[in-house]
Amino acid sequence: MTAVDGASFVAPVPWFPLPARLAVLLSGRGSNFQSLADACDAGEVPARVVLVLSDRADAAGLAKARARGLPAAVVERAPGEKRATHEDRIAAAIQAAGADVRCLAGFMRVLSPAFVGRFERRIVNIHPSLLPSFPGLEAQRQALEHGAKVSGATVHLVDAGTDTGPIAAQEAVPVLTGDDEASLAARILAVEHRLYAATLARLLGGG
Ligand code: GRF
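Notes on the structure follow. Nothing here was measured: the structure is a model prediction, and the numbers come from that model.

**What about the overall build of the protein?**
For the protein, the helix and strand inventory stands at six helices and seven strands. Of the regular secondary structure in the protein, the N- to C-terminal order runs β-α-β-α-β-α-β-α-β-α-β-β-α. In terms of overall dimensions, the protein is globule-like: its C-alpha atoms have a radius of gyration of 16 Å, near the 17 Å expected for 207 residues. Counting only residues that meet the buried cut, the protein has 48% of its 207 residues in that class. For the protein, the proportion of contacts with a sequence separation of at least 24, taken over those separated by at least 6, is 65%.

**Description of the environment of Val101**
With respect to the helices and strands, Val101 occurs in strand β4 (residues 101–104). Residues Val101 and Glu120 lie 19 residues apart in sequence; the distance between their C-alpha atoms is 9.9 Å.

**Some points on the site of the ligand**
In the vicinity of the ligand, the contacting residues are Arg29, Gly30, Ser31, Asn32, Gly106, Ile126, His127, Pro128 and Glu192. A distance of 2.5 Å separates an oxygen atom of the ligand from a polar atom in the side chain of Ser31. Calculation on the ligand without its partners gives an accessible area of 370 Å², and the protein chains cover 86% of this total. Placement of the ligand is best described as lying within the largest pocket. Among the residues forming the shell around the ligand, the class breakdown is two nonpolar, five polar and two charged.

**Topic: the packing of helix α1 (residues 31–41) against helix α6 (residues 181–204)**
In contact at an axis separation of 9 Å, α1 and α6 are set at 45° when each is read in the N-to-C sense. Taken together, the axes of α1 and α6 are oblique relative to one another. Where α1 crosses over α6, the two elements pack in a sense that is right-handed. Taken together, the residues of α6 that come into contact with α1 (itself represented by Ser31, Asn32, Ser35, Leu36 and Ala39) are Leu189, Glu192, His193, Tyr196, Ala197 and Leu200. Partitioned by chemical class, the residues of the contact of α1 with α6 number six nonpolar, four polar and one charged.

Definitions and cut-offs
Along every chain, residues carry numbers that run from 1 in the direction the sequence is written. Only residues with pLDDT of at least 70 get local features here, since the model is predicted, and only at 80 or more are side-chain atom pairs given and counted; chain-wide, interface and lining totals rely on the full set of residues. The basis for every side-chain value is the complete set of heavy atoms in the structure, and neither hydrogens nor water enter the calculation. Numbered from the N terminus, helices here are DSSP runs of H or I no shorter than four residues, and strands are runs of E no shorter than two. Radius of gyration: over C-alpha atoms. The globule rule applied is 2.2 Å multiplied by the number of residues raised to the 0.38 power. Only protein chains enter the accessibility calculation, which uses a 1.4 Å probe; a residue is then buried when its area is under 20% of its type maximum, exposed when over 50%, and partly exposed in between. Working rule for contacts: check all heavy atoms of both residues, and any pair within 4.5 Å makes them a contact. Nearness here has a simple test: a residue counts as near a molecule or strand if at least one of its heavy atoms is within 4 Å of that partner. Whenever a nitrogen or oxygen atom comes within 3.5 Å of another N or O atom, the pair is scored as a polar contact, on the condition that within protein one atom can donate a hydrogen and the other can accept it, and that pairs from neighbouring residues in sequence are kept only if both atoms are in side chains. Where accessible areas are quoted, they stem from the Shrake-Rupley method and a 1.4 Å probe; at the residue level, only the protein chains shown are allowed to cover. Lining residues are those with an atom within 4 Å of a point, where the points come from a 1 Å grid over the protein atoms alone and group into cavities, where a 1.4 Å probe fits but cannot get out, or pockets, open sets with protein on both sides within 12 Å along at least five of seven lines. Grid points define the cavity or pocket, and a molecule sits in it when more than half of its atoms lie within 2 Å of them. The residue classification treats Ala, Val, Leu, Ile, Met, Phe, Trp, Tyr, Cys and Pro as nonpolar and Asp, Glu, Lys and Arg as charged. All others, Gly included, are polar. Lines are fitted to the C-alpha atoms to define the axes, a helix being fitted only along its stretch in contact, and any angle between axes, read from their N-to-C directions, falls within 0 to 180 degrees. Put simply, angles under 35 degrees are roughly parallel, angles over 145 are roughly antiparallel, angles from 65 to 115 are roughly perpendicular, and the rest are oblique. Each crossing gets its hand from how the near helix is turned against the far one by less than a right angle, where anticlockwise is left-handed and clockwise is right-handed.

Here is the structure:
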């Protein structure tokens, strides 16, 4: 297997000016978006959010973006619309916003190799497990079902697979006796919020 390095996102000299322009893609609650935006506002991440994009009009994260005065776009997949056409519309919105980096934050679509290739090494994701364990949906449930004693959070660059891209950072979280999906998810989420911002700062070369 070829060695890959999540830190290779970082160029010796950033090829986009800092603060970087972030597009955050989400489908739901948007707590990771909130923590990223907070960290940008606090100067902890050398970036600013230029677009929050959701594939679901009812995503709570959109309302959070609007409440912060940030541009929020809905790009839903129309009934019968081809995946490639939908992705073209997503890419067009991102490009129109002039985003340098795309942060997936609970974006519930698997992006096609063509889409990922367009933004190679410029898409970052957060996942609620220690990848490569428990990729895909319901990672916390998978951890409980396997009887894992440790799970965690992973920040990785996005490649053409599902949660398979080069790992940039991980933090372990214990699975405690009596945990259910909600209690484990909450413990992991607190770590996600911290880890995503800190890792993005490092990847951008400002932290
Ligand atoms: C997080 O657990 C994230 O790791 C996963 O989806 C969840 C999104 O939560 N990809 P939120 O919308 O950021 O609150």
